[in-house]
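Next come the chains, spelled out residue by residue.
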Amino acid sequence: MMRARFYVVWRAHWASLFLLATMLFSLAGCSSGPNVSSMLSRLDNPPEKLSAWGLFKGEMKEHNLNTSVLPYNIVTPLFSDYALKYRAVWMPSGTSAEADDKGVFSFPTGTLLLKTFAYPNPDGSRRLVETRLLVKSSEGWHAFPYVWNAEQSDARLALVGDTTEVSWTHSNGTKLAFTYVVPNSNECKNCHEIEKKLRPLGPKASQLNNDYAYNDGTENQLTRWIKAGYLKDDGKAKSITSFPNWQDPNSGTVEQRARAYLDANCAHCHQRSAPASNSALYLDAATTDPNDLGVCKPPVAAGKGAGDLKYAIVPGKPEQSILLHRMLSDESEIRMPELGRVVGHQEGIALIRTWIQQMKGSCDSPEP
Ligand code: HEC
Ligand code: HEC
């Protein structure tokens, strides 16, 4: 009898302790949603810790996105030294992005875009390396790189960049080991800037009009963005056809997949008004003129990068094409992309080689 009563009191005691703990927890803000909005006034003095943004729930190392932080995937991504990437978007409630006629999004003030880079550990577990944020204030986009600690309990602001050793076995059996480079906050603009303004690159209709396996089921990403209130439902975005998946032969011809690959991996520099526009090589998906694309186009600056070759692309002759020569090189003055990679992308190179191989025509004008 005594024992039973003691037990009841004991239980009640624990229950109230639990209640108190939960209250303290929510007071401390630990269970609330993202606090991006409160950061907007202090973007010149961003928090030292990634956790302060409130983008994750539970243990940081699990990388579980907080309520209303929506994961997304782009169907043909940028190659970054084989890093695994996780992307997500958040917008203040009641605001949404809007697509233009080409499916390019304009985002409301307060939008946050996140991209985390990770590598497999030799034991098969996952190591988070860096998380990059793009945050939009009323003045425009701001870029913040965070580097994860060894314990994976948080990431710290690393405006000066960082390097870290990575090594693992690639799916084709090759052992890869190299020094991975986290760009500094000045380097973001080398890829993200157009007309001197930072802008996001991945989230556009052509990259998102396809399915994503959400926790609660698979759904078209644009549909999900509209449901979440993150995209204006005016039919513009949905009218844009999705890029093929560059590595899935069922999703497009070699040419379609090669063009999507070049758009994602090269066009942020190689398009009009972008950093490499002086090369007059335009690799964005909208380019139709073969010469703009590099076919029989002599290099603007010959020399080391061109490797004594005459044209960016020689139809049917990948080994004579400067474009492939520069993708194959790992040397800093030759390699393309010039930034954002240390190792070559074997699978991407194979696709571009096949594309050039299949091209018909020749660059030599007939003898008079
Ligand atoms: C080598 C070029 C390059 C550099 C340097 C670079 N980025 Fe990016 N970034 C891209 C491309 C291309 C995408 C879109 C494709 C993808 O996500 O695979 C992207 C995507 C992102 C995204 C997801 C939203 C979006 O724009 O698609 C964020 C956030 C981001 N970058 C932040 C940064 C920050 C912060 C820096 C500097 C520390 C940086 N990036 C440096 C090329 C670059
Ligand atoms: C971070 C910006 C950047 C990215 C990304 C980039 N490039 Fe370049 N590229 C340049 C710059 C700058 C030049 C001009 C200077 C030079 O030739 O090195 C250039 C020049 C070239 C040239 C010589 C053009 C000519 O006709 O003179 C080729 C070919 C080329 N890039 C191919 C590529 C390919 C293919 C990709 C994608 C796989 C790519 N680049 C991605 C910046 C970039």
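Keep in mind it's a predicted model, so treat the numbers as computed, not measured.

Looking at the overall build of the protein
Scanning the protein from terminus to terminus reveals eight helices and 14 strands. Within the protein, the fraction of its 368 residues that count as buried is 45%. Within the protein, contacts between residues at least 6 apart in sequence are counted, and of these 52% link residues at least 24 apart. Element-wise, carbon and sulfur atoms account for 54% of the exposed surface of the protein, whose accessible area totals about 19,800 Å².

A look at the packing of aromatic side chains
Within the structure shown, the criterion is met by 15 aromatic pairs. Note on phenylalanine 56 and tryptophan 148: the rings are 6.3 Å apart at their centroids and 65 degrees apart in plane angle, and the pair reads as edge-to-face. With phenylalanine 56 in the loop between helix H1 (2-27) and strand E1 (70-72) and tryptophan 148 in strand E7 (residues 140-148), this residue pair connects regions lying 92 residues apart in the sequence. On the basis of relative accessibility, which here comes to 7%, the residue tryptophan 148 falls in the buried class. A cation over a ring is seen here: arginine 224 above tyrosine 214, with NZ or CZ 4.1 Å from the ring centre.

A few points about the coordination of the iron atom of ligand 1
From the protein, the iron atom of ligand 1 takes a single donor atom, His192 (NE2), 2.1 Å away. Checked against the element boundaries, histidine 192 lands in helix H2 (residues 188-192).

Describing the site of ligand 2
In the vicinity of ligand 2 lie 19 residues, with Cys266, Cys269, His270, Lys297 and Met336 positioned nearest. Taking histidine 270, its side chain carries an N or O atom lying 2.9 Å from a nitrogen atom of ligand 2. In this structure, lysine 297 approaches ligand 2 through a side-chain N or O atom, which is 2.6 Å from an oxygen atom. Sort the elements by how many residues they give to the shell around ligand 2 and helix H7 (residues 322-328) lands first, with three residues.

Structural notes on the nonpolar core
Counting 46 residues, the largest nonpolar core has Leu50, Trp53, Leu55, Phe105, Leu133 and Trp225 as its most contacted members. Mapped onto this core, the elements with two or more residues apiece are E1, strand E2 (84-90), strand E5 (112-120), strand E6 (126-137), E7, strand E8 (155-157), helix H3 (205-208) and helix H4 (221-227). It is E7 that provides the largest number of residues to this core, a total of five residues. Counting 36 residues, the second-largest nonpolar core is a separate cluster that includes Tyr119, Leu176, Trp246 and Ile352.

A look at the pattern of salt bridges
With the rule as written, the count across this model stands at 11 salt bridges. With a closest N to O distance of 3.8 Å, lysine 61 and glutamate 59 form a salt bridge. Arginine 132 is the partner of glutamate 130 in a salt bridge, and the nearest nitrogen-oxygen pair spans 2.9 Å. Three or more residues are tied together by salt bridges with common partners; here these are Asp216, Glu219, Arg224 and Lys227.

Some details on the coordination of the iron atom of ligand 2
For the iron atom of ligand 2, the full set of protein donor atoms is His270 (NE2) and Met336 (SD), and the range of their distances to it is 2.0 to 2.3 Å. By relative accessible area, histidine 270 is classed as buried at 10%. Assessed through its relative accessible area of 23%, methionine 336 is described here as partly exposed.

Observations regarding the site of ligand 1
In the vicinity of ligand 1 lie 28 residues, with Cys188, Cys191, His192, Leu201 and Gly202 positioned nearest. Lysine 115 places a polar side-chain atom, nitrogen or oxygen, 2.9 Å from an oxygen atom of ligand 1. Between leucine 201 and ligand 1, the recorded distance is 2.7 Å, taken from a backbone N or O atom to an oxygen atom. Within the residue set of the shell around ligand 1, elements represented by two or more residues are E2, E5, E6, E7 and H2. Residue-level mapping places the shell around ligand 1 at the junction of two domains, with at least three residues from each of domain 2 (37-239) and domain 3 (249-358).

Notes on the sheet that holds E2
Across the sheet, which stays open at both edges, the six strands sit in the order E1-E2-E5-E6-E7-E8 with antiparallel pairing between neighbours. Lying at the two open borders of the sheet, with one neighbouring strand each, are E1 and E8. Across this sheet, the average inter-strand angle for adjacent strands is 30 degrees, counted without regard to direction. In this sheet, E6 lies alongside E5 in antiparallel orientation, the contact comprising nine bridges. When the bridges of E6 are listed, leucine 114 appears paired with leucine 133.

Rules behind the numbers
Residues numbered from 1 in each chain as written. Chains lettered and ligands numbered in written order. Predicted model: local features only at pLDDT ≥ 70, side-chain atom pairs only at ≥ 80, totals over all residues. Heavy atoms only, no water. Helix = DSSP H or I, 4+ residues; strand = E, 2+ residues; numbered from the N terminus. Buried < 20%, exposed > 50% of the residue type's maximum accessible area, 1.4 Å probe, protein only. Contact = heavy atoms within 4.5 Å. Areas by Shrake-Rupley, 256 points an atom, 1.4 Å probe, with all protein chains shown as cover. Phe/Tyr/Trp six-rings, centres within 6.5 Å; stacked < 30°, edge-to-face > 60°. Lys NZ or Arg CZ within 6 Å of the ring centre and 35° of its normal. Donors = N, O, S within 2.8 Å, 3.2 Å for Na, K, Ca; no water. Near = heavy atom within 4 Å. Polar contact = N/O pair within 3.5 Å; in protein donor to acceptor, adjacent residues only side chain to side chain. Core = buried A, V, L, I, M, F, W, Y, C linked by side-chain atoms within 4.5 Å. Salt bridge = Lys/Arg side-chain N within 4 Å of Asp/Glu carboxyl O. Domains from an automatic or database assignment. Pairing = 2+ DSSP bridges. Axes fitted to C-alpha atoms, helices over the stretch in contact; angles between N-to-C directions.

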